Amino acid sequence: MTSSWILLIIAGLLEVCWTVGLKYTQGFTRPVPSVITATAIVASMGLLAVAVKQLPIGTAYAVWVGIGAFGAAIAGMVLFHEPATPSRLFFLALLIVAIMGLKFTSGTH
């Protein structure tokens, strides 16, 4: 796995952080969660920008969004008691398969 892929994974994890952080900002009315969330947004996009220098943009963006969507859904279940139904978990598993498929068929290592 190249450093671009590692940066992309970190960017995706930061996307999870800022997405979950939005819940805590209460519409950006709480200063500390708002600063943390804004920092995570900037860092996530910055790392995505660096990663796409070497990775195909379509693949990188789909993987970034996929990591964020998967992580936000799991965080919602754990932190906010959102439903964890078998069908939801099934589709989240499909999302992971799609992310892995995009990585392995991207033509990069």
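Residues numbered from 1 in each chain as written. Predicted model: local features only at pLDDT ≥ 70, side-chain atom pairs only at ≥ 80, totals over all residues. Heavy atoms only, no water.

A. A look at the overall build of the protein chain. What the protein chain contains, in helices and strands, is four helices and zero strands. From first element to last, N terminus to C terminus, the protein chain shows the α and β order α-α-α-α. Its C-alpha atoms give the protein chain principal-axis dimensions of roughly 45 × 35 × 20 Å. Counting all 109 residues of the protein chain, 32% fall into the buried class. Within the structure as shown, the protein chain displays about 6400 Å² of accessible surface, and the carbon and sulfur contribution to it stands at 77%. (Helix = DSSP H or I, 4+ residues; strand = E, 2+ residues; numbered from the N terminus. Buried < 20%, exposed > 50% of the residue type's maximum accessible area, 1.4 Å probe, protein only. Areas by Shrake-Rupley, 256 points an atom, 1.4 Å probe, with all protein chains shown as cover.)

B. Up close: the confidence of the model for the protein chain. For the protein chain, the mean per-residue pLDDT works out to 95, and 98% of the residues sit at or above 70. Here helix 4 (residues 86–104) stands out as the least confident element of the protein chain, with mean pLDDT 93; helix 2 (residues 31–51) is the most confident, with 98. (pLDDT = per-residue confidence, 0-100.)

C. Region of the structure containing the nonpolar core. Among the nonpolar cores identified, the biggest contains 11 residues, and these are Trp5, Leu8, Ala11, Leu48, Ala51, Leu55, Ala60, Val63, Trp64, Ile67 and Ile99. Of all the elements in the fold, those that place two or more residues in this core are helix 1 (3–25), helix 2 and helix 3 (57–79). If you tally residues by element for this core, the top one is helix 3, at four residues. (Core = buried A, V, L, I, M, F, W, Y, C linked by side-chain atoms within 4.5 Å.)

D. Region of interest: the UniProt feature "transmembrane region" (unreviewed entry) in the protein chain. UniProt records the feature "transmembrane region" (unreviewed entry) for residues 35–52, 59–81 and 87–105 in the present numbering. Secondary structure over residues 35–52 splits into 94% helix and 0% strand, and the C-alpha atoms at its two ends are 26 Å apart. Split by type, residues 59–81 is 91% helix and 0% strand. Its first and last C-alpha atoms lie 31 Å apart. (UniProt positions renumbered as here; feature names shortened; annotations may be inferred.)

E. Examining the pattern of salt bridges more closely. Taken as a whole and assessed by the stated rule, the structure comprises one salt bridge. A salt bridge links glutamate 82 to arginine 88; the nearest nitrogen and oxygen atoms lie 3.8 Å apart. Judged by relative accessible area, which is 32%, glutamate 82 ranks as partly exposed. Its relative accessible area of 28% is what places arginine 88 among the partly exposed residues. (Salt bridge = Lys/Arg side-chain N within 4 Å of Asp/Glu carboxyl O.)

F. Spatial organisation of the packing of helix 1 against helix 2. Viewed as axis vectors pointing N to C, helix 1 and helix 2 meet at an angle of 155°, and their least axial separation amounts to 8 Å. On the basis of their axis angle, the class for helix 1 and helix 2 is roughly antiparallel. When you trace helix 1 past helix 2, the crossing you get is left-handed. Here the contact of helix 1 with helix 2 is composed, by residue class, of 17 nonpolar, six polar and one charged. (Axes fitted to C-alpha atoms, helices over the stretch in contact; angles between N-to-C directions. Parallel < 35°, antiparallel > 145°, perpendicular 65-115°, else oblique. Left-handed = near helix turned anticlockwise from the far one by under 90°. Nonpolar A, V, L, I, M, F, W, Y, C, P; charged D, E, K, R; others polar.)

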